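Chain by chain, the residues:
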Amino acid sequence: MNNIIKGLLIDPEAETIEEVEVKTENGNQLASMYELLKCDLVDCAGSGLNFLPSSCGDDIWFDDEGALRANAARFEIPGWIPIFGCGLILSHDGEGNCLSHTLTNHDIEVLKEEIIFHH
C-alpha cells in the first residue's frame, strides 16, 4: 500500500519549519525519512512536544548520527538537548506506525516562537 502522510520538517540550516509529504511505500516511511532528513540512520524521540498548547504526543525523528557530523546545524526545543541536523515531526498509532502530525496551526506558531536554531 502506498500513501502519503503529512509531517513537519524542522531545518536548522534554513531556519524553517514547514509541512512536508512523507511517502509510505509498502508500509514503510524510512526511504522518505532518509531523504527529508538528509541521513542514513534515524532515531525517534517521543512526547517532547507537551509544552505546546495542545500537549500533543507527536514524535520527532532525526539523524541518529547528526552530532558526529562536522559543523552540523542544530536546533533546540524547550526542555530538550540539541538535535543536530533536521527533525521531522510525525504522530503514531498504538502499534507504532507513523501517522500525519497532529499539531494545530496555533501549536506550529508557538513552536516557531520557541525553537532555537544554531549554526
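Right above here is the structure, for reference.
Everything quoted here is computed from the prediction, not taken from an experiment.

1. Here we look at the overall build of the chain
Moving on, step 1. Along the backbone of the chain there are 2 helices and 9 strands.
Moving on, step 2. Listing every helix and strand of the chain by position from the N terminus yields β-β-α-β-β-β-β-β-β-α-β.
Moving on, step 3. The C-alpha radius of gyration of the chain comes to 13 Å, within 12% of the 14 Å expected for a compact globule of 119 residues.
Moving on, step 4. Each principal axis of the C-alpha atoms in the chain carries an extent, and together these give about 40 × 35 × 20 Å.
Moving on, step 5. Taking as baseline every contact in the chain between residues at least 6 positions apart, the subset at least 24 positions apart corresponds to 55%.
Moving on, step 6. Roughly 6,600 Å² of accessible area belongs to the chain as shown, and the carbon and sulfur atoms make up 47% of that amount.

2. Re the pattern of salt bridges
For side chains bearing opposite charge, pairing can occur when the charged atoms are close.
Moving on, step 1. Taken as a whole, this structure holds 3 salt bridges when the rule is applied.
Moving on, step 2. A salt bridge links Asp11 to Lys38, with the nearest nitrogen and oxygen atoms 3.7 Å apart. In this pair, Asp11 sits in strand β1 (residues 3-11) while Lys38 sits in the loop between α1 (30-37) and β3 (42-46), placing the two residues 27 residues apart along the sequence.
Moving on, step 3. Residue classification places Asp11 among the buried positions, given a relative accessible area of 13%.
Moving on, step 4. Residue Lys38 is classed as exposed on the basis of its relative accessible area, which comes to 56%.
Moving on, step 5. For Arg69, the salt bridge is made with Asp63, and the minimal N-O distance between the two is 2.7 Å.
Moving on, step 6. Among the residues examined, Asp63 registers a relative accessible area of 5% and is labelled buried.

What counts and what doesn't
- Residues numbered from 1 in each chain as written.
- Predicted model: local features only at pLDDT ≥ 70, side-chain atom pairs only at ≥ 80, totals over all residues.
- Heavy atoms only, no water.
- Helix = DSSP H or I, 4+ residues; strand = E, 2+ residues; numbered from the N terminus.
- Rg over C-alpha atoms; globule rule 2.2 N^0.38 Å.
- Contact = heavy atoms within 4.5 Å.
- Areas by Shrake-Rupley, 256 points an atom, 1.4 Å probe, with all protein chains shown as cover.
- Salt bridge = Lys/Arg side-chain N within 4 Å of Asp/Glu carboxyl O.
- Buried < 20%, exposed > 50% of the residue type's maximum accessible area, 1.4 Å probe, protein only.

No statement about biological role is implied by the geometric values presented.
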